[in-house]
Amino acid sequence: MIDKNENRFEEIISFCKRRGFVFPSSEIYGGFSAVYDYGPYGIELKNAIQAKWWQNMVHNREDVVGLDSAIFMSPKVWQASGHVSGFSDPMAECKKCHTRSRVDHLLEEAGVFADEKMSESEINKIFDKNKDKVKCPKCGSNIFSEAKSFNLLVKSNLGNFTGDWDKEPTYLRGETCQGIYINFKNVLDSSRVKIPFGIAQVGKAFRNEITARQFIFRTREFEQMEFQYFVKPEDAKKQYKRWKEERWDFYVNELGILEKNLRWHKHENLVFYAKEAYDIEYNFPFGFKELEGIHNRSDYDLTQHSKHSGSDLSYTDPRTNEKFMPWVIEASVGLNRILLMVICDAYTKEKIGDEERIVLKLEKSLAPVKIAVFPLLKNKPQLVKKAKEIFDKLKTAWVCEFDDNGNVGKRYRRQDEIGTPYCITVDFDSLDDKAVTIRDRDTMAQERVAIDQLPEYFSQKFS
Ligand SMILES: [Zn+2]
C-alpha cells in the first residue's frame, strides 16, 4: 500500500524539478547520488530564506556579528574538535539478510535517540540496551553485528603534492561552526563585542553520508546556518532558554510555519560534554524530523581548541577582570532543510470550479518572484510597451517577472505554482484610466490600482 503522504512527497519532488526549484545533480550523466542543484526559482527562494535568517540573527541584534570562514581549515582543527576520531555514522549489519543500516536510524525508528557525535562505544552501549526494540528494515530481524563507525569527513588532496591521498589529508569542513570557534579571538580583538555575544555564519558543509535520504533532507553537500552564542557559565541556562524561544519564534512568525507542524524533541542520550539539547522538528511528508538543533555545549569547543592550538581562548571580563572559558549556546540548521520545509508547508492543491490549481502559499517575502507583469495580449504593441515600462520600474525594488505567453488564466496558474503573491495585468482600459488590475495569489481577488501608485502599494504589501 502506498501511503498518501508518500504520494504527496513524490509529487513535491517532481514539482521541484518541473518548476526549476531543485534538480538532481549531473542528470545528463545518469545522476550523482545525494547531491542536488538549485534552479532559477530554487536559488531565489534559498537566498530569501538566508536573507531572512541573517536579518533576524545578525542585523536585528546588537550582540551578534557575522563571519565567513573558509571551507578548508588546518587538519588540526578537526583533530581538536573530535571529528577525525569520532565524527561518524555507526553502521551495523543484519545477521540474517546482511543489509547494512545506520544504527542511529534503527534506534530512531524504535523511538530511541542517539547523538550523532557519540563515540562507537557510546552508541554500542545504547544499541545493546535496545536490541529487542530495533528491527532490520528489510527482513524484520533484530540480530545485528556490532555497530562500526564510518567517518563522515570528506578528504581532499588540497596542498598535498606527494601523490598519496591518505597522507595528511585536508578535509572539507564537516560543519561550519568550527570556523566560528577558531575565529573567536579574532572577532573579539577586532570588533566591539563583549560577552554575551554571538557569531553567525552561513556556508557549505560536506559529509560522507552513507545513507543519504529523502531528497534534499539529507545530502552529502549542504548549506548550514550556524550560530554560536558565547556566555558566562552561570548564564548558560538562562541564555539557552532565551534562544530556544527565539528560534521557535523565527519559524512561526518570520517564516509563517503553522505551529501544529512543529514540535520540540528533547535529546535524552546526550554526548558527554553537552548539558542540554533540543531539536525543533517539522512534520515533513515522511514524518516529524529534525530541522534545527539548539544545544548547550558547555565550554567544550573553546577548551579543546585552546588545548590543541596552545592559544588561550579564555575571556577576561573588562569590568571585573574575571577570567573564564565561555560556554556556547548553539543553534544550527540546514538551509536546504528549511527550503524543503517551506515548500512542503506551502504546497497546496485547490479546487476552483471543475479545475484544480496548485498554489505555493509561501510567506510573501520568501516568494522567488514577488510581482508578475502581463500585457493582456502579446500582439498589441501598446499594451506590451506599457507593461514593460511598469516591469522596468518595479524590478529595481522587487524580483519581477514579465510574462506574455499564453492566455492570462494560464499565466496566473504558472505564477500560483511558484508562489508569486501578485500579478499585474495591463489591459486596454489601462491606456485610458492609467490603472492596472492586481490579482492576489491567495484570495484570487482583483483590484484596480493607479499605475503611479504601484510602488507605494507594493511597499505596503511587502512591509
Ligand atoms: Zn535483515
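Scoring rules and cut-offs
Residues numbered from 1 in each chain as written. Predicted model: local features only at pLDDT ≥ 70, side-chain atom pairs only at ≥ 80, totals over all residues. Heavy atoms only, no water. UniProt positions renumbered as here; feature names shortened; annotations may be inferred. Donors = N, O, S within 2.8 Å, 3.2 Å for Na, K, Ca; no water. Tetrahedral: all angles 85-135°; square planar, octahedral: opposite > 155°, others 65-115°. Helix = DSSP H or I, 4+ residues; strand = E, 2+ residues; numbered from the N terminus. Domains from an automatic or database assignment. Contact = heavy atoms within 4.5 Å. Buried area = accessible area lost by both parts, 1.4 Å probe. Salt bridge = Lys/Arg side-chain N within 4 Å of Asp/Glu carboxyl O. Buried < 20%, exposed > 50% of the residue type's maximum accessible area, 1.4 Å probe, protein only. Axes fitted to C-alpha atoms, helices over the stretch in contact; angles between N-to-C directions. Parallel < 35°, antiparallel > 145°, perpendicular 65-115°, else oblique. Left-handed = near helix turned anticlockwise from the far one by under 90°. Nonpolar A, V, L, I, M, F, W, Y, C, P; charged D, E, K, R; others polar. Expected span 1.5 Å × (residues − 1). Pairing = 2+ DSSP bridges.

- Per an unreviewed UniProt entry, the recorded name for the chain is Glycine--tRNA ligase, and the organism is Candidatus Falkowbacteria bacterium RIFOXYC2_FULL_36_12.
- Listed under Subcellular location (unreviewed entry) in UniProt, the entry text for the chain is "Cytoplasm".
- Taken directly from UniProt, the Subunit (unreviewed entry) text for the chain runs: "Homodimer."

### Details of the coordination of the zinc ion
- Ligation of the zinc ion by protein atoms is provided by Cys 94 (SG), Cys 97 (SG), Cys 136 (SG) and Cys 139 (SG), these donors lying 2.3 Å from the ion.
- Geometry at the zinc ion is tetrahedral, judged from its 4 donor atoms and the angles of 103 to 112° they form at the metal.
- Motif for the zinc ion, donor spacing along one chain: C-x2-C-x38-C-x2-C. Residue Cys 94 is found in the loop between strand S4 (88–93) and strand S5 (100–102), and its partner Cys 139 is found in the loop between helix H6 (120–129) and strand S6 (148–151); the two are separated by 45 residues along the sequence.

### Quick notes on the domain arrangement of the chain
- Split into domains, the chain comes out as domain 1 (4–75 + 175–343) and domain 2 (369–461).
- Distance from the C-alpha centre of domain 1 to the C-alpha centre of domain 2: 37 Å.
- With 6 residues of domain 1 in contact, the opposing surface of domain 2 contributes 6 residues.
- Where domain 1 abuts domain 2, roughly 540 Å² becomes buried across the two surfaces, and 50% of that area is made up of carbon and sulfur atoms.

### Quick notes on the pattern of salt bridges
- All chains considered together, the criterion is met by 34 salt bridges.
- Note that Arg 61 and Glu 246 form a salt bridge whose closest N and O atoms lie 2.7 Å from each other. Taken as a pair, Arg 61 in the loop between helix H2 (40–59) and strand S3 (64–66) and Glu 246 in helix H9 (residues 236–254) lie far apart in primary sequence, 185 residues in all.
- Residue Asp 104 pairs with Arg 102 through a salt bridge whose shortest N-O separation is 2.6 Å.
- Arg 102 gets classed as buried once you look at its relative accessible area, which sits at 4%.
- Taken together, the shared-partner salt bridges in this structure form one network comprising Glu 350, Arg 357, Lys 361, Arg 413, Asp 416 and Arg 439.

### Some remarks on the packing of helix H12 (residues 381–394) against helix H15 (residues 454–461)
- Contact geometry of H12 with H15 gives a least axis separation of 11 Å together with a crossing angle of 50°. By the criterion of interaxial angle, the relationship of H12 to H15 is oblique. Classified by chirality, the crossing of H15 by H12 is right-handed. Residue-level contacts link Ile 390, Lys 393 and Leu 394 of H12 to Leu 454, Pro 455 and Phe 458 of H15.
- Tallied by class, the residues present in the contact of H12 with H15 amount to 5 nonpolar, no polar and 1 charged.

### Overview of H2
- With 20 residues, H2 should cover 28 Å at 1.5 Å per step; its first-to-last C-alpha distance of 27 Å lies within 8% of that length.
- Looking only at H2, the buried set comprises Tyr 41, Gly 42, Leu 45, Lys 46, Ala 48, Ile 49, Lys 52, Trp 53, Asn 56, Met 57 and Val 58.

### Section: the pairing of strand S10 (residues 221–231)
- Here S10 lies mainly inside the structure; 10 of its 11 residues are buried.
- Two elements, strand S9 (residues 197–206) and S10, share 10 bridges in a ladder whose sense is antiparallel. Across the sheet, residue Lys 204 finds its bridge partner in S10, namely Glu 223.
- Here S10 pairs with strand S16 (residues 327–334) via 8 bridges, running antiparallel. Bridged to Phe 227 within S16 is Ala 331.

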